[in-house]
Amino acid sequence: METGARDSGLGARVSRCLAAPLVLSLVTLSASIVAAAETQTVTFAARDGVQISAVLHLPEKTPAPAVVFLNMLGRTHRDWDDAAAKFVEAGIAVLAVDFRPSALPDPAAADATGSPYAALVMDAEAARAYLAARPDINPGRIGMAGASLGANVAVLAASNDPSIRSLALLSVSLDYRGLKLEQALKRFASRPALLVASSEDPFALRTARQAVTMGDGARELRVLSGAGHGTVMLAREPDLAIALVDWFLRTLL
């Protein structure tokens, strides 16, 4: 992994034998109830009125810092489940967003950028606003992480929103069908960004190496080997989720 920075008798025995499974069942049930209480499916509206669905993972101690997770094209919030558990253990809330159902090439959805994915930036903006309005979230400590398409969306959403304090970008592209990186990352300016790519993913790696020069804030590069693209890297490289937690602990707290 390459890293870089800029920067009593038979009766009693029978009773005990019968009681043990019951206690175990009650403990398991209790744990399930706690888990369910910490994870919520939520919805909120983007500024064009489209309802966005997401899964909120809350740590025990609140108000908490939080990170918005944005998916690759055609994927869901489930890609982030294991990483979200590690974030919650570290005391960071997670909002894992499912992009609007129209997250497919749609020329009618293009704005002035000409990108058919431009509307997804509104999904990310709405996610940040939803978190900031919750009393169990610290609105001054919100970050954003995205993978592939989600990485470019994250940069664009954050570039015009100074309340997004930190970014983590997995397999970002210089230009994802009109969602362009360079000027947006420069507008992100002095705020910190982590770039992650795998060595056999040449375009993403080349982009990440260029991106560390974009903007005047801390830019950290993490290069993996044989880890694939986007959220696939989380499954192939278990330490990546830990590295993401560490990054946001350093840049949000």
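Structure's up top.
For the structure given in this document, a descriptive report is provided here. (Residues numbered from 1 in each chain as written. Predicted model: local features only at pLDDT ≥ 70, side-chain atom pairs only at ≥ 80, totals over all residues. Heavy atoms only, no water.)

Across the interface, helix H3 (residues 120-132) lies against helix H4 (residues 149-159) with an axial gap of 9 Å and an inter-helix angle of 65°. Crossing geometry of H3 relative to H4 is assigned as right-handed. Along its contact with H3, which presents Leu120, Val121, Ala124 and Glu125, the element H4 presents Leu149, Val153, Leu156 and Ala157. Classifying every residue of the contact of H3 with H4 gives 7 nonpolar, no polar and 1 charged. (Axes fitted to C-alpha atoms, helices over the stretch in contact; angles between N-to-C directions. Helix = DSSP H or I, 4+ residues; strand = E, 2+ residues; numbered from the N terminus. Left-handed = near helix turned anticlockwise from the far one by under 90°. Contact = heavy atoms within 4.5 Å. Nonpolar A, V, L, I, M, F, W, Y, C, P; charged D, E, K, R; others polar.)

Tracing the sequence through the fold places serine 173 in the loop between strand S7 (164-170) and strand S8 (175-176). Residue contacts for serine 173: discarding those within four places in its chain leaves Asn152, Leu181, Phe203 and Thr207.

Before going further, it helps to spend a moment on the pairing of strand S5 (residues 93-98). Consecutive side chains of a regular strand alternate in pointing toward one face of the sheet and then the other. With respect to burial, S5 is a largely interior element, 6 of its 6 residues being buried. Covered by surrounding structure in S5 are Ala93, Leu95 and Val97 together with Val94, Ala96 and Asp98, the residues of both alternating faces. Direction of pairing for strand S3 (residues 51-57) relative to S5: antiparallel, over a ladder of 5 bridges. Paired with valine 55 across the two strands is alanine 96, which belongs to S5. Strand direction decides the pairing type here: strand S4 (residues 64-70) and S5, joined by 4 bridges, are parallel. Residue pairing in the sheet places valine 68 in a bridge with leucine 95 of S5. Regarding the hand of the β-α-β motif, the stretch spanning S4, helix H2 (residues 81-89) and S5 is right-handed. (Buried < 20%, exposed > 50% of the residue type's maximum accessible area, 1.4 Å probe, protein only. Pairing = 2+ DSSP bridges. Right-handed = clockwise from strand over helix to strand, strands pointing away.)

Take the nonpolar core next. Grouped together as the largest cluster of nonpolar side chains are 57 residues, with contacts concentrated most on Phe44, Leu70, Leu95, Met144, Val153, Leu167 and Leu195. Excluding anything up to four places from it in sequence, leucine 70 contacts Trp80, Val97, Phe99, Ala124, Met144, Ala145, Gly146, Ala147, Gly150, Val153 and Ala154. (Core = buried A, V, L, I, M, F, W, Y, C linked by side-chain atoms within 4.5 Å.)

Locating threonine 41 in the fold gives a position in strand S2 (residues 39-45). Residue classification places threonine 41 among the exposed positions, given a relative accessible area of 64%. Residues threonine 41 and leucine 95 lie 54 residues apart in sequence; the distance between their C-alpha atoms is 9.4 Å. Beyond its immediate chain neighbours, meaning those up to four positions away, threonine 41 contacts Ser53, Ala54 and Val55.

Let's shift gears to the packing of aromatic side chains. Under the definition given, this model contains 5 aromatic pairs. Ring pairs connect the aromatic residues Phe69, Trp80, Phe87 and Phe248, which therefore count as one cluster. (Phe/Tyr/Trp six-rings, centres within 6.5 Å; stacked < 30°, edge-to-face > 60°.)

Once their charged atoms are close, side chains differing in charge can pair, the charge on each being opposite to the other. The full count for this structure, using the stated rule, is 10 salt bridges. We note a salt bridge from arginine 100 to aspartate 48, for which the minimum N-O separation is 2.7 Å. One end of the pair, arginine 100, is in the loop between S5 and H3; the other, aspartate 48, is in the loop between S2 and S3, with 52 residues separating them in the sequence. Of the residues examined, arginine 100 reaches a relative accessible area of 5% and is grouped as buried. Classification of aspartate 48 by relative accessible area gives partly exposed; the value is 38%. Between arginine 78 and aspartate 81 there is a salt bridge, with the nearest N and O atoms lying 2.4 Å from each other. (Salt bridge = Lys/Arg side-chain N within 4 Å of Asp/Glu carboxyl O.)

What follows concerns the pairing of S7. Within S7, 6 of the 7 residues are buried, leaving the element largely enclosed by the surrounding structure. One ladder, built from 6 bridges, connects strand S6 (residues 137-147) with S7; its direction is parallel. By the bridge assignment, alanine 147 is partnered in S7 with leucine 170. As judged from the 4 bridges shared by S7 and strand S10 (residues 193-198), these two strands associate in the parallel manner. The residue of S10 that forms the bridge with leucine 170 is valine 196.

Here the focus is the packing of H2 against helix H8 (residues 239-252). When two helices pack together, their arrangement is given by the angle between their axes and by how far apart the axes lie. The contact between H2 and H8 brings their axes to 9 Å, and the two run at 40°. Judged by the angle between their axes, H2 and H8 are oblique. Our pair here, H2 against H8, has a crossing hand that is right-handed. Residue-level contacts link Ala83, Lys86 and Phe87 of H2 to Ala241, Ile242, Leu244, Val245 and Phe248 of H8. In terms of residue class, the contact of H2 with H8 is built from 7 nonpolar, no polar and 1 charged. (Parallel < 35°, antiparallel > 145°, perpendicular 65-115°, else oblique.)

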